[in-house]
Amino acid sequence: MNEIAEVHEVSMGAVREALSRLAAEHMVVAAAQRGYTVATLSVDELTDLTRTRVAMEQLCLSGAIEDGGVEWEAALLASHHRLQRLSEVEPSDHSRISEDWSRAHSEFHFSLVAGCRSKWLHKLRASLYLQTERYRHLSIPLRTFDRDVTGEHQELCEAALARDATRACELMRRHLQKTTEILLGSPLLSPFSAARQTALLEE
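No experiment lies behind these values; they were computed from the predicted model shown.

A.B. asks: Is there a simple way to explain helix α7 (residues 149-161) in this structure?
C.D. replies: An α-helical turn contains 3.6 residues, so any two residues separated by three or four positions project in the same direction. Its 13 residues place the ends of α7 18 Å apart at the C-alpha level, agreeing with the 18 Å of an ideal helix rising 1.5 Å per residue. Along α7, the residues that are buried comprise V149, G151, E152, H153, L156, C157, A159 and A160. Buried residues belonging to α7 abut α3 (43-67), α4 (70-84), α5 (99-113) and α8 (165-184). One or two positions beyond α7, positive phi appears at R163, with a value near 60°.

A.B. asks: Please clarify how the packing of α4 against α7 should be interpreted in this entry.
C.D. replies: Working note: a packed helix pair is described by the angle between its axes plus the distance between those axes. Relative orientation of the contacting elements α4 and α7 amounts to 170°, with a least axis distance of 11 Å. Taken together, the axis directions place α4 and α7 in an arrangement best described as roughly antiparallel. Contacts between α4 and α7 involve W72, E73, L76, L77, H80, L83 and Q84 from the first element and T150, H153, Q154, C157, A160 and L161 from the second. In terms of residue class, the contact of α4 with α7 is made up of seven nonpolar, five polar and one charged.

A.B. asks: Can you walk me through the nonpolar core in this structure?
C.D. replies: Here is a general trend for soluble globular proteins: nonpolar side chains tend to be buried in one another's company. Of all hydrophobic cores here, the largest spans 33 residues; its most connected members are L61, L76, F108 and L112. Among the secondary structure elements, those contributing two or more residues to this core are α3, α4, α5, α6 (119-142), α7 and α8. With nine residues, α3 is the single largest residue contributor to this core. Non-local contacts of F108, meaning those with residues more than four positions away in its chain, are made with L76, S79, H80, L83, H153, L156 and C157.

Reading the values: rules and limits
- Residues numbered from 1 in each chain as written.
- Predicted model: local features only at pLDDT ≥ 70, side-chain atom pairs only at ≥ 80, totals over all residues.
- Heavy atoms only, no water.
- Helix = DSSP H or I, 4+ residues; strand = E, 2+ residues; numbered from the N terminus.
- Expected span 1.5 Å × (residues − 1).
- Buried < 20%, exposed > 50% of the residue type's maximum accessible area, 1.4 Å probe, protein only.
- Contact = heavy atoms within 4.5 Å.
- Axes fitted to C-alpha atoms, helices over the stretch in contact; angles between N-to-C directions.
- Parallel < 35°, antiparallel > 145°, perpendicular 65-115°, else oblique.
- Nonpolar A, V, L, I, M, F, W, Y, C, P; charged D, E, K, R; others polar.
- Core = buried A, V, L, I, M, F, W, Y, C linked by side-chain atoms within 4.5 Å.

See below:
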């Protein structure tokens, strides 16, 4: 904690407050007399998070498609245009995700559901998004097959603008599940067989 405060030139009180908030979001774990540690990665948590996030994103997306107006459409097109113009990885290190792309990606996914009128759905969705982000950042260096992320986003945008909720929700499920499949296929997370990994996703 002292090192964090020194590096970031903030007070110890600010560090404690930040760690306390991260602990409340289950990003870090507090241990008596030992301070804090980063929460471990877990196959069970990842599969549970994916199923829950898919359900939440589909609820929000359906709501946006039903209630979103022309301003929602315009914001979605703008966020998609910006995302498509950025590289997913850092030019100097293709194993690292680009921070600019990551921000644009977050904005695009928010724009997809921004037309939904439920404040509680947005609040719950935002929490799930943050939880899955720490897993998604690992999917770039661990990716072992070609993935057309740009095409996936294009299809999502087109389905949403066409007001095709059924297709958009199915595309969202596939989009989120592909990231999980990449991680479950890595020995970093999974002690299970490929068949067991598939079963976890389909439960």
